[in-house]
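Structure assessment
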Amino acid sequence: MSSRKERKGKKRKQPLRKAQKKRPSEKKQRSSAKLAFMSKPWVAGVVFGIAYIWMITRFFVNFGAHPTRNSKLINIHSTFSETGEILIFSILIIVFGYFAARILRVYKLPRRWDIVAGVVAFGALTALYAMAFTEELSPNGDNAEYLMNTKSLVEEGSIYRLNSRADTRNTLASRGLPIILAPIYKIWGFDLVKMKMLIMGMGLALFPLLVLLFQNYISLSKSILISMVVVLSPHLLAAACNIMTEIPYVFWSVLTLLMMQLLAKNGLNQWKYLIVFLVSILMTYLTRPVGLTMVATAMAYMFFSVPWIQYLKKGSIRELWKEDTFRYLVMIVGPLILGLLFWQLWLSNTGVSQAEIFFRGEIFDRFYINLESSLQVFSQMLFRLDTYLWYIFFGNYRVQPLTIWSWPALLCLFAGMITYMRKNNLVFWYTIICWIIILFASLTPAQMVIIRYMSILVPFFIFFLFEGSRMIVKILGKLTGRKLKAGWVNLIPLLVMAQLMFTSFSSDRAVITLNTAGAGPNYDDYVEVARWSNQNLPEDAYVACVKPRIFWFYSQKDTRRSTTISEFHSADYEKEKLELWKSQGVTHLVVDRISGASRQSILPIIQNNPDLFQTLFIAPTSGTTTIYKINFE
């Protein structure tokens, strides 16, 4: 046994040992000091600032070597307005930096400064869209068809193929865009400037609408920053300069989601929201058939909002009817579904319905092929200038192979979508359902087509990309046993958005360049021949040409397609074409150099039968387009 002195000594030493255990080692002290340093908001701000300055420097250093300068399709050296672009981009760079600092919590300012910065961003975006504006009708024949549908809707009360001899009813035509263009046509006729300004205004209106929509889920600063990056997308900018359905569709879809969100918060007693919701959901569907996604979105959101298990346990349907969300599901979605069914039946009885087109062929095989194609182009359509150049100048550019960064981008997208799926979020349901319908409905897996169809989801892809990046950073922090501060959680997402912004800048320059330089002398000649035909051909003329809808717009003569790039001249081909034209009553033929198709397959027919074709007019600009009269008798 130990003595009393020894026991007292041990008692005295024990508190000393405990004190020594509590005192952190020098290594732990240094680690704690390092963590304390890293937790400072300004440190994340410095890291972002260094990366941001590097991006800015790289962008402006390469500013004068833009790929469109060397494009074979256009000559931009005398028309490229670099000064205005530099000013607009500089303003947007400053605004982005301001919001990045706010999100990183480098400093605190009153909320009104966010609104001021948002107004400045909106002004810069307006200037950018104005620079890209063009009065010219795009060479895409769809532009002319929507104008044809507008004229038909106003003058005939329905939509017909006015360029065809029979003026057949076009049951598959989307009525949404002609409806909003109809008042302009009724008052001013085919005033392309006013029509394009209306569509451009809808594109710019996406900025405040997206801010209001995203603000339901994230802060005002993040909402403005993400909305700014969305509206900068070259896919939206290019669509806002054309008479196409992309911008009106995105406008109506965002407005519908916003109204759904407001109704979910305030109930059906808010009649103003309900009326706007019904109008916007109708216009979304009328603008594009994929708009039926909105009905499915409302169904999914309401269905998963009802506490089914709770009411099933009670076993009372009356109790379930007391649930507001269930009543809304029956009272709103039910009539919408019935209306869609009757509409498809009416279309089927008068022609071909959209449902019939949808279920043609092997839809599941089509889905898998389109899915593969969409996954290949997702990150490229957002982050690669080369891909966008291929998209608008596809004769000169090829889609680049996937990079190592494509998979992290997809991972962030799906992480964001899964996060909001767990929250039963409206934006999630709309995005995933719309994407699935596109994959089932697209009849071609061509990447250029898939990019165009997916462009309507760009606002939501970017939103989930930001939120998914944040979620992955949080998960990585938990896996390493560290709870990251808000500044560090937002650092990577902000860098992703910054990279996306600078890629959009470069692609936007391509849009501005193309619209400023125009479609080139070959297209100008084609239009000039069409205008000449309007004044000089007889009313019963029937013209065969490569772009019949555009030729109809400028000539107002009946037209049909003469050839395609997949056709090639041969003796049998020549004989079949002449017999076809004679049987259908074709009176005139146009040879152009827009695509080269008419020169490779139609011009040899004229050269082999000089007595059959009489030259009427050659466009004087570059002499690339000629119209001939066919003398069958």
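Structure first, text after, so check above.
I will try to describe carefully the structure that is included in this document. (Residues numbered from 1 in each chain as written. Predicted model: local features only at pLDDT ≥ 70, side-chain atom pairs only at ≥ 80, totals over all residues. Heavy atoms only, no water.)

For the pair helix α21 (residues 426–441) and helix α23 (residues 458–479), interaxial distance at closest approach is 10 Å and the crossing angle is 120 degrees. Taken together, the axes of α21 and α23 are oblique relative to one another. As α21 runs across α23, the sense of the crossing is left-handed. Here Val427, Phe428, Tyr430, Thr431 and Trp435 of α21 come into contact with α23, specifically with Phe460, Phe461, Phe463 and Phe464. (Axes fitted to C-alpha atoms, helices over the stretch in contact; angles between N-to-C directions. Helix = DSSP H or I, 4+ residues; strand = E, 2+ residues; numbered from the N terminus. Parallel < 35°, antiparallel > 145°, perpendicular 65-115°, else oblique. Left-handed = near helix turned anticlockwise from the far one by under 90°. Contact = heavy atoms within 4.5 Å.)

This part is about the side chain of serine 506. Here serine 506 is to be found in helix α24 (residues 486–517). Dropping the residues within four chain positions of it, serine 506 is found in contact with Phe59, His66 and Leu385.

The alternating pattern of strand β1 (residues 542–545) places Tyr542 and Ala544 and Val543 and Cys545 on opposite faces, both of which are buried. Note: β1 against strand β2 (residues 558–561), 4 bridges, orientation parallel. Of the residues in β2, the one forming a bridge with cysteine 545 is arginine 561. For the crossover from β1 across helix α26 (residues 548–555) to β2, the handedness is right-handed. Bridging between β1 and strand β3 (residues 588–591) involves 2 bridges; their strand directions are parallel. Pairing of valine 543 across the sheet is with histidine 588, part of β3. (Buried < 20%, exposed > 50% of the residue type's maximum accessible area, 1.4 Å probe, protein only. Pairing = 2+ DSSP bridges. Right-handed = clockwise from strand over helix to strand, strands pointing away.)

For the rest of this paragraph, the subject is unusual backbone geometry. In this model, asparagine 424 sits at a positive phi of 50 degrees, which is unusual for a non-glycine residue. Along the chain, the position of asparagine 424 falls in the loop between α20 (406–421) and α21. For glutamine 556, which is not a glycine, the phi torsion comes out positive at approximately 60 degrees. Note on placement: glutamine 556 falls in the loop between α26 and β2.

With that settled, consider the side chain of histidine 588. Within the fold, histidine 588 resides in strand β3. Histidine 588 gets classed as buried once you look at its relative accessible area, which sits at 4%. If near-sequence neighbours (up to four positions away) are discounted, histidine 588 is found in contact with Leu537, Pro538, Ala541, Tyr542, Val543, Ala544, Leu616, Ile627, Tyr628, Lys629 and Ile630.

A word on a nonpolar patch on the surface. On the surface, Leu87, Ile91, Tyr107, Leu109, Trp113, Val116 and Val120 cluster together into a nonpolar patch covering about 580 Å² of accessible area. Breaking the nonpolar patch down by element, the ones donating at least two residues are α4 (82–103) and α5 (111–132). It is α5 that contributes the most residues to the nonpolar patch, 3 residues altogether. Assignment of secondary structure puts tryptophan 113 in helix α5. (Patch = residues over 30% accessible without salt bridge, like charges linked within 9 Å, V, L, I, M, F, W, Y side chains within 5 Å. Areas by Shrake-Rupley, 256 points an atom, 1.4 Å probe, with all protein chains shown as cover. Salt bridge = Lys/Arg side-chain N within 4 Å of Asp/Glu carboxyl O.)

Following the criterion strictly, the structure yields 14 salt bridges and no others. Linking arginine 509 and glutamate 85 is a salt bridge whose minimum nitrogen-to-oxygen distance equals 3.1 Å. Residue arginine 509 is located in helix α24, and its partner glutamate 85 is located in helix α4; the two are separated by 424 residues in the primary sequence. Between lysine 151 and glutamate 155 there is a salt bridge, with the nearest N and O atoms lying 3.2 Å from each other. With lysine 151 and glutamate 155 both in helix α6 (residues 141–156) and 4 residues apart, this pair spans about one turn of that helix. Residue lysine 151 is classed as buried on the basis of its relative accessible area of 15%. Overlapping salt bridges, with partners in common, bring together Asp142, Glu145, Glu246, Arg288, Arg452 and Arg549 in one network.

What you see with β3 is no split at all: His588 and Val590 on one side and Leu589 and Val591 on the other are buried throughout. Looking at chain direction, β3 and strand β5 (residues 626–630) are connected through 4 bridges and run antiparallel. Bridge assignment links valine 590 to a residue of β5, and that residue is isoleucine 627.

Counted according to the given criterion, the structure contains 36 aromatic pairs. Ring centres of phenylalanine 214 and phenylalanine 463 lie 4.6 Å apart, and the angle between their planes is 10 degrees; this geometry places the pair in the stacked category. Of this pair, phenylalanine 214 sits in helix α8 (residues 192–214) while phenylalanine 463 is found in helix α23, placing the two residues 249 residues apart along the sequence. Centroid distance phenylalanine 502 to phenylalanine 505: 5.7 Å. Interplanar angle 90 degrees. Geometry classified as edge-to-face. Of the two residues, phenylalanine 502 and phenylalanine 505 both sit in helix α24, 3 residues apart, roughly one turn of that helix. By relative accessible area, which is 0% here, phenylalanine 505 ends up buried. A connected cluster of aromatic rings, assembled from ring pairs, spans Phe48, Tyr52, Phe59, Phe60, Phe63, Phe89, Phe96, Phe502 and Phe505. In this structure, lysine 423 packs its charged tip against the face of tyrosine 420, placed 4.5 Å from the ring centre. Here the basic side chain of arginine 509 rests over the ring of phenylalanine 63, its NZ or CZ set 3.5 Å away from the ring centre. (Phe/Tyr/Trp six-rings, centres within 6.5 Å; stacked < 30°, edge-to-face > 60°. Lys NZ or Arg CZ within 6 Å of the ring centre and 35° of its normal.)

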